[in-house]
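# An overview of the molecular structure
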Amino acid sequence: MRTRSRIGWPLLLVSSLLLAAATADAAGHALDDWLRQDSAWKDFGVGTMTHMRKTTTMDVPGAEGRKVVFEEKRTLTAKSDTTATIRVERRVSPAAKRWEQRDITETLAGAAVGKAEIVRDANKRAVVENIRIGDKDYACTKYAGTRPAGADKTEQGTLWVHEDLGVLKYSGGVGPGPRMTWTVIRLAVTRKVGDQTIECRQLLVQGREVTGTMLVSPTVPGFVVEETLTVDKGPVKSKTQRVLIGFIKK
């Protein structure tokens, strides 16, 4: 999932493989949100904090069951009309007393915006395909989109966009790298984090070596609320669980 875009998808989230909605409308999940490169902190106030815990279990020949726990806090410490300053604190274990700390600055808005065009058939008609969620089909218009991905790279993707619910499926990637597909499989999932109730969408994530699910919400900087991913690289297998365990919203 990304720190700069409000859509934050991952696109989802194991190394460079992953990229990364509201329950009733496309707020934060519209095609325009995917195309924009605004900071994830654009709509939040100073003092907003996210606390993520990531647990990775590695199965490597000769070292089966190795577990690594990693925690990260991100706090919005300052904000102007154009920039946001975020304090990033990290530690490699919940038992570790010392947090490594650094500050980063992001541009709030105004970065390059991507482009999208409707995919058309041989008769120049817009391609419309159904995305099935639960027991209901949602007619989606198919788009071909591109957006800047930093360091002179471009992300290219195919997106299935519902008129009211926004992007319900994505398939693509950056440059010649691996392709990733995610599909909304539940429109409304609620999670309680601290005193915050978060409305999420659940995504099915699929790639050449990665499978899993994610809960995402535009009401959280960084977008990810929960993530469970399995990576299978031949003899090396790993399972990663990333969970939002603390959230202060200002």
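The notes below deal with the structure included here. Everything numeric here is computed off the predicted structure, so don't read it as measured data.

Here is what the cut-offs are and how they apply
- Residues numbered from 1 in each chain as written.
- Predicted model: local features only at pLDDT ≥ 70, side-chain atom pairs only at ≥ 80, totals over all residues.
- Heavy atoms only, no water.
- Helix = DSSP H or I, 4+ residues; strand = E, 2+ residues; numbered from the N terminus.
- Buried < 20%, exposed > 50% of the residue type's maximum accessible area, 1.4 Å probe, protein only.
- Areas by Shrake-Rupley, 256 points an atom, 1.4 Å probe, with all protein chains shown as cover.
- Core = buried A, V, L, I, M, F, W, Y, C linked by side-chain atoms within 4.5 Å.
- Contact = heavy atoms within 4.5 Å.

### Quick word on the overall build of the chain
For the chain, the helix and strand inventory stands at 1 helix and 14 strands. Sorting the 250 residues of the chain into buried and exposed places 43% on the buried side. Carbon and sulfur atoms form 48% of the exposed surface of the chain, whose accessible area is close to 12600 Å².

### Some remarks on the nonpolar core
Formed by 38 residues in total, the largest nonpolar core has its most connected members in Leu 168 and Ile 198. Of all the elements, strand β10 (residues 180-193) adds the most residues to this core, at 6 residues. Beyond its immediate chain neighbours, meaning those up to four positions away, Ile 198 contacts Val 189, Thr 190, Arg 191, Val 193, Ser 217, Thr 219, Val 220, Val 225, Leu 244 and Phe 247. By size, the runner-up hydrophobic cluster in this structure holds 8 residues, among which are Trp 41, Leu 76, Val 88 and Leu 108.

### Focus: unusual backbone geometry
For Lys 124, which is not glycine, the phi dihedral falls at a positive 70 degrees. Mapping Lys 124 onto the fold places it in the loop between β5 (115-118) and β6 (128-133). Of the residues examined, Lys 124 reaches a relative accessible area of 65% and is grouped as exposed. Phi angles above zero are rare outside glycine, and Phe 223 is one such case at about 80 degrees. One can find Phe 223 in the loop between β12 (210-216) and β13 (224-233).

### As for the environment of Gly 207
Along the polypeptide, Gly 207 turns up in strand β11 (residues 196-207). Accessibility expressed as a relative area gives 23% for Gly 207, which makes it partly exposed. Spatially, the C-alpha atoms of Gly 207 and Val 231 are 9.2 Å apart, while their sequence positions differ by 24 residues.

Keep in mind these numbers describe shape, not what the thing actually does.
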